[in-house]
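Observations on the three-dimensional arrangement
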Amino acid sequence: MLHTAQFLICKSCKGVTEIADSSVLNTLRGICREQNFVMQGASIEVVGLCAECAAKARPTRKSAQKQASPSSP
Ligand SMILES: [Zn+2]
């Protein structure tokens, strides 16, 4: 069985989440078949922001819903 892995890499916190999505592998297999390419392995790096960092990067007013700790003197 082919070893494939997809990595979601957060540019902000450098966190890496490894996922194994079979639909991605199936897509790659189809592409390789069309190209007559013999795939022996694949690694995919998706660069972006993780959920936490994306939330921090977007200071939306939605965060106003979290008023658990009001820090006003
Ligand atoms: Zn992050």
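All figures in this text were calculated on a predicted structure; none of them were measured in a lab.

Assigned secondary structure in the chain consists of two helices and three strands. In the chain, the succession of helices and strands from N to C terminus is β-β-α-β-α. By the burial criterion, 0% of the 73 residues in the chain qualify as buried. Counted over contacts in the chain with a minimum sequence separation of 6, partners at least 24 positions apart contribute 60%.

The next subject is unusual backbone geometry. Of note, the phi angle at K14 is positive, near 65°, even though the residue is not glycine. Here K14 lies in the loop between β1 (3-10) and β2 (16-19). What makes K14 exposed here is the crowd of 9 C-beta atoms within 10 Å.

This next bit is on the pairing of β2. Note that β1 and β2 share four bridges and pair antiparallel. Within the sheet, the bridge partner assigned to L8 lies in β2 and is T17. Two successive antiparallel strands, β1 and β2, enclose a turn made up of five residues, where K14 displays a positive phi of approximately 65°.

A few words now on the pairing of β1. Relative to strand β3 (residues 41-48), β1 runs parallel, the two sharing eight bridges. Each bridged residue has a counterpart across the sheet, and for C10 the counterpart in β3 is G48.

Right, let's talk about the sheet that holds β3 for a bit. Strand order in this open sheet of three strands is β2-β1-β3, and the pairing throughout is mixed. Edge positions in the sheet fall to β2 and β3, since each of these pairs with one other strand and no more. Along the sheet, successive strands turn relative to each other by an average axial angle of 20°, direction set aside.

What follows is about helix α1 (residues 22-34). Given a rise of 1.5 Å per residue, 13 residues ought to cover 18 Å, and the 19 Å separating the end C-alpha atoms of α1 matches this to within 8%. Of all the 13 residues making up α1, zero are buried; the element is thus mostly uncovered. Phi turns positive, to about 55°, at N36, one or two residues after α1.

Moving on, we get to the environment of T17. With respect to the helices and strands, the residue T17 is situated in strand β2. Assessed through the 12 C-beta atoms surrounding it within 10 Å, T17 is described here as exposed. Sequence separation between T17 and V46 is 29 residues, and the spatial gap between their C-alpha atoms is 9.7 Å.

Reading the values: the criteria
- Residues numbered from 1 in each chain as written.
- Predicted model: local features only at pLDDT ≥ 70, side-chain atom pairs only at ≥ 80, totals over all residues.
- Helix = DSSP H or I, 4+ residues; strand = E, 2+ residues; numbered from the N terminus.
- Buried ≥ 20, exposed ≤ 12 C-beta atoms within 10 Å, placed from the backbone.
- Contact = placed C-beta atoms within 7 Å.
- Pairing = 2+ DSSP bridges.
- Axes fitted to C-alpha atoms, helices over the stretch in contact; angles between N-to-C directions.
- Expected span 1.5 Å × (residues − 1).

Purely geometric numbers; function is a separate question.
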